[in-house]
Amino acid sequence: MSTYTWLHIGAGSFHRAHQAWYLHTLRQMGKTDWSIALGNIRDDVTPILEKLAAQNCEYTLETVTPSGERAYERITSIRQVVAWDKDLSQLTALGAAADTRVIAFTVTESGYYLDTSFKLEQGNPDIKADLGGGHTTIYGTIALLLRARRENGGGPVTLLSCDNVRHNGKRFRQGLLEFLHLSGQSDLAAWAEANTTSPCCMVDRITPRPSPDIAPRVLAATGFVDAVPVMGESFIQWVVEDDFIAGRPELELAGVEMVQDVEPYEEAKIRILNVTHAGVAWAGTLLGIAHIHEDMEVASIRELAYRYVTDDVIPCLLPCPLDLVAYRDTVMERFGNPYILDTNQRVGADGFSKIPAMITPTLRECYARGKQPAATAMLVALFFEFMRLWHKDELPYPYQDGVMDPEAVHAMFEGEDPVGAFTADAALFGELAGGADFTTLLRESVALVQTLFHQ
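Residues numbered from 1 in each chain as written. Predicted model: local features only at pLDDT ≥ 70, side-chain atom pairs only at ≥ 80, totals over all residues. Heavy atoms only, no water.

### Considering the layout of surface pockets
One number sums up the size of the second largest pocket: a volume of about 880 Å³. If you go around the second largest pocket, you meet 36 residues; those closest to its centre are Leu114, Thr116, Pro356, Ala357 and Ala427. Counting only elements with at least two residues in the lining of the second largest pocket, the list comes to helix 10 (263–286), helix 15 (351–368), helix 17 (406–414), helix 18 (418–423) and helix 19 (426–429). Looking at the lining of the second largest pocket, the element that brings in the most residues is helix 15, giving 8 residues. Its residues placed into classes, the lining of the second largest pocket shows 18 nonpolar, 6 polar and 12 charged. (1 Å grid on protein atoms, 1.4 Å probe; cavity = no way out; pocket = protein on both sides within 12 Å on 5 of 7 lines; lining within 4 Å. Points joined across faces, edges and corners; volume = space filled by probe spheres on them. Helix = DSSP H or I, 4+ residues; strand = E, 2+ residues; numbered from the N terminus. Nonpolar A, V, L, I, M, F, W, Y, C, P; charged D, E, K, R; others polar.)

Right, dumping it as structure tokens:
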């Protein structure tokens, strides 16, 4: 029997709680022809990879329902850990191997380095470095792997985005091809167009950063001393565009929804789950709350989330193959799970990427339908007040944002009209930026947020 490698770049908790679980489920069914090799672009997770390798690449996944029912499963789908080195030599060798048929990756919103027109942010230092031959971004890294693969005769390969970015496969492919042309690798771009596909997919499982109390529970429940367990909610979903150029695992047997068009599922998940999640985190932070489930105990936050989805998002997404009302209610229940202990810090990150990619489309579509997006504007206002706390160094935790310009944000809040400057930012709001109605709405929304969410 032939065996194939699924190379995954991005050794965070989400991959090990999500995609690795699906391939593990296939192996449990006797479908052992595919296994995962796990690596990373940077060396920031090297200790995790080393501990994982010391455990024969196996680890425990703990899941928990909203009622507190916990389950434990030893995940066995990762069969190789790719050691990091500054030249990414081992990652490159594996990416070039003929039996590697899928190269997948998990990238944050900011990791795509795309502006509102979906063009590469060529002024970004990371992109500049990679255009000069580096490999600190997903584009520089994939270019490195594809170049070696072409030279090695490795053949076609699927490049699979596994993250929350809308149209992730299309956006990644557009960014990669632009990167290759800008870096003088047009020949490699032509090879990639002929020898790779980039399916879109939608991924979903709330996966908090692992906390110290997981390992003791794993030990008590399983007897396994696990140095790198992960935990997540019991809910899981994966919807994938069926466009694999070099074969794929029988993912549908494990519950993956293989479809021709991911967009309806993607839009529902991004707008109803991801955006609401971020808004809840920003609101809770303003009230001095630490965890998502605690946020959902606050009536004003629950009402804000419910109104955003009901008043603005659902009308924008109809018609839809999903039952959006039921999906909304499921999401709200998941956010209230008190056993996940997901933090506002994790969920509230990368707001300067989330607004243009995830929130502005709803603003724009509401206006196009002749409706003022009052509920969505509240989320924008929450982020504005959240960033005001950051500016004053009053956030209760460090804020992470891959595309934020700290000096520009400080200058905005030190100016005469911070709200006006904020709403005029075309990078955030596109054609809505600076519009009289939109600016007035944001001023009103900021005032309301200051009333409702002032400690």
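### Section: the side chain of Thr376
Relative to the helices and strands, Thr376 is located in helix 16 (residues 374–391). With sequence-adjacent residues up to four places away left out, Thr376 is seen in contact with Tyr308, Asp312, Ile359, Thr362 and Leu363. (Contact = heavy atoms within 4.5 Å.)

### A look at the sheet that holds strand 4 (residues 70–75)
With respect to topology, 3 strands assemble into an open sheet ordered 4-3-10, the strand pairing being mixed. Only two strands of the sheet have a single neighbouring strand rather than two, namely strand 4 and strand 10 (230–233). Neighbour-to-neighbour, the strand axes of this sheet turn through a mean angle of 25°, independent of strand direction. (Pairing = 2+ DSSP bridges. Axes fitted to C-alpha atoms, helices over the stretch in contact; angles between N-to-C directions.)

### A closer look at the pattern of salt bridges
Counted according to the given criterion, the structure contains 23 salt bridges. Put simply, Arg248 and Glu252 hold a salt bridge, and the shortest N to O gap is 2.7 Å. As a salt-bridge pair, Lys392 and Glu394 come within 3.6 Å of each other at their nearest N and O atoms. Among the residues examined, Glu394 registers a relative accessible area of 45% and is labelled partly exposed. Residues joined by salt bridges that share partners form a network here, namely Glu62, Arg70, Asp213 and Arg217. (Salt bridge = Lys/Arg side-chain N within 4 Å of Asp/Glu carboxyl O. Buried < 20%, exposed > 50% of the residue type's maximum accessible area, 1.4 Å probe, protein only.)

### Regarding the packing of aromatic side chains
For the structure shown, the criterion picks out 17 aromatic pairs. With a centroid separation of 5.4 Å and 75° between ring planes, the pair formed by Phe386 and Tyr399 is classed as edge-to-face. Here the residue Phe386 occupies a position in helix 16, and Tyr399 occupies one in the loop between helix 16 and helix 17, the gap between them amounting to 13 residues. This pair shows no difference in class: Phe386 is buried, exactly as Tyr399 is. Directly above the aromatic system of Tyr59 lies the positively charged group of Arg16, at a separation of 4.7 Å from the ring centroid. If you follow Arg171 out to its NZ or CZ, it ends over the ring of Phe118, 3.5 Å from the centre. (Phe/Tyr/Trp six-rings, centres within 6.5 Å; stacked < 30°, edge-to-face > 60°. Lys NZ or Arg CZ within 6 Å of the ring centre and 35° of its normal.)

### Quick word on the pairing of strand 4
Alignment of strand 3 (residues 59–64) against strand 4, held across 6 bridges, turns out to be antiparallel. Each bridged residue has a counterpart across the sheet, and for Val64 the counterpart in strand 4 is Arg70. Connecting the antiparallel pair strand 3 and strand 4 is a turn made up of 5 residues, with Gly68 showing a positive phi of about 95°.

### With respect to the nonpolar core
Residues Leu382, Phe383, Met387, Tyr399, Phe422 and Phe429 are the most contacted members of the largest nonpolar core, which totals 77 residues. The element contributing the most residues to this core is helix 16, with 13 residues. Beyond its immediate stretch of four places on either side in the chain, Leu382 contacts Gly279, Trp282, Ala283, Leu286, Leu304, Val449 and Phe453. (Core = buried A, V, L, I, M, F, W, Y, C linked by side-chain atoms within 4.5 Å.)

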